[in-house]
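Okay, here's what each chain looks like letter by letter:
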Amino acid sequence: MPKPPCKAIQFINARIIDKDQDFMGSVFVRDGVIIEVSEAQERYNEALLIDVGGKALMPAMVDVHCHFRDPGYTYKEDILSGLRAAVKGGYAFVAAMANTSPVADKREILWANARKSQEADLCGFLQIAAIGCGLKDEELVDTAALREHTNVFSNDGLTIFSEVFMRRALMRSAEEGFIIATHSQPEAEIIRRDLELLKEVGGHLHICHISERASVEEVRRARKAGLNFTCEVAPHHLFACG
């Protein structure tokens, strides 16, 4: 008869890292909740001891921009293999882009991927929906119908060139409270336009993959003007930038 799972675990000889600290110590967990983080290596008799051997223990990470290619391109990645890789790499939550085949722009596709992630039961998952039907900047998707399954919309790596479409998308974002994640090429020029539109009509904007000095200057200028938005940079952009 299998033994019941241990409810108390103590990780010892661990390098404990978070945004404020980096030290050697131990972590005591009971019923999945961290009870104590300490530099001491005192051992609890009730706990299953795991000697980390000096390896790092740190908070789980979040990937808000991954590509699982499910449906349509599952020979590259599917929900199950993607979630397994995420957990193996220390991620507790991932959000998958909409560049699938068919495009993730309908409720049925978002529902199917949400069900697959629930069946896998490995980590948190969100399927991002396209903001334009077929990943085009022509017709907005039915955002109200898709909001049951997602709060992020994006045409992924395809720049929204139509200013009319982007204005309508931001207005819908303001009305319904969802986030629009954008790619920008030419980068600084499109970012400048989108920030001007954000100032004009409101909405919730997230700018992906900033890599140019001019783009950073646009972001700083908009921040000083009080605009509310988010942006990010991928690690390689810190070292290969324009």
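Look above for the structure.
Computed from a prediction, not measured in an experiment: that's the story for all the values here.

Okay, the overall build of the chain next. Tallying secondary structure elements over the chain gives 6 helices and 12 strands in all. Taken along the three principal axes of its C-alpha coordinates, the chain extends 65 × 45 × 30 Å. Burial statistics for the chain: of 242 residues in total, 40% are counted as buried. Intrachain contacts of the chain at a sequence separation of at least 6 include 65% that bridge at least 24 residues.

The next point concerns the side chain of serine 184. Relative to the assigned elements, serine 184 resides in the loop between strand 10 (179–182) and helix 5 (187–201). Excluding its chain neighbours within four sequence positions, the residues that come into contact with serine 184 are Thr159, Ile190, Ile191 and Ile207.

Turning our attention to the sheet that holds strand 7 (residues 91–96). Strand pairing in a sheet relies on backbone hydrogen bonds. The paired strands run either parallel or antiparallel. Spatially, 3 strands are ordered 6-7-8 in an open sheet, and the strand pairing comes out parallel. Two strands bound the open sheet, and with one partner strand each, they are strand 6 (61–66) and strand 8 (124–127). On average, adjacent strands in this sheet sit at an angle of 10° to one another, irrespective of strand direction. Pairing of strand 6 with strand 7 involves 4 bridges; the strand directions are parallel. Paired with cysteine 66 across the two strands is alanine 96, which belongs to strand 7.

With that settled, consider the sheet that holds strand 9 (residues 152–154). Strands sit in the order 9-10-11-12 across an open sheet of 4 strands; the sheet is parallel. Each end of this open sheet is capped by a strand with a single partner; those strands are strand 9 and strand 12 (230–231). For strand 9 and strand 10, the ladder comprises 3 bridges, and the chain directions are parallel. Across the sheet, valine 152 pairs through a bridge with isoleucine 179, a residue of strand 10. Sheet strands touched by helix 5: strand 10 and strand 11 (205–207). Its angle to strand 11, the strand with the most contacts, is close to 165°.

What the rule picks out here adds up to 0 disulfides. Unpaired in terms of disulfides, cysteine 208 finds its nearest cysteine sulfur in cysteine 231, a separation of 9.9 Å.

A separate point is the nonpolar core. Counting 31 residues, the largest nonpolar core has Ile131, Leu195, Leu205 and Phe229 as the members making the most contacts within it. Sorting the residues of this core by element identifies helix 2 (107–120), helix 4 (163–176), helix 5, strand 11 and helix 6 (213–224) as the ones contributing at least two each. Leaving out residues up to four positions away in the same chain, leucine 205 has contacts with Met166, Leu170, Ile180, Thr182, Asp194, Leu195, Leu198, Phe229 and Thr230. Ranked by size, the runner-up nonpolar core spans 10 residues in total, among them Cys66, Val94, Ala96 and Cys123.

A word on the environment of asparagine 45. Summarising the element assignment, asparagine 45 is placed in the loop between strand 3 (33–38) and strand 4 (48–51). We classify asparagine 45 as exposed; its relative accessible area is 84%. C-alpha of asparagine 45 to C-alpha of glutamine 10: the two residues are 35 residues apart in sequence and 9.7 Å apart in space.

Take the pairing of strand 7 next. Between the parallel elements strand 6 and strand 7, the chain passes through helix 1 (residues 79–88) in a crossover that is right-handed. The pairing of strand 7 with strand 8 spans 4 bridges and is classified as parallel. Considered in strand 8, the bridge of valine 94 is made with phenylalanine 125.

Turning our eyes to something else, we now look at helix 2. When the terminal C-alpha atoms of helix 2 are compared, their 20 Å separation across 14 residues agrees well with the 20 Å that a helix rising 1.5 Å per residue should span. On its buried face, helix 2 sits against helix 1, strand 8 and helix 3 (143–146). Phi for aspartate 121, located one or two positions after helix 2, is positive at around 55°.

Cut-offs and rules
Residues numbered from 1 in each chain as written. Predicted model: local features only at pLDDT ≥ 70, side-chain atom pairs only at ≥ 80, totals over all residues. Heavy atoms only, no water. Helix = DSSP H or I, 4+ residues; strand = E, 2+ residues; numbered from the N terminus. Buried < 20%, exposed > 50% of the residue type's maximum accessible area, 1.4 Å probe, protein only. Contact = heavy atoms within 4.5 Å. Pairing = 2+ DSSP bridges. Axes fitted to C-alpha atoms, helices over the stretch in contact; angles between N-to-C directions. Disulfide = S-S within 2.5 Å. Core = buried A, V, L, I, M, F, W, Y, C linked by side-chain atoms within 4.5 Å. Right-handed = clockwise from strand over helix to strand, strands pointing away. Expected span 1.5 Å × (residues − 1).

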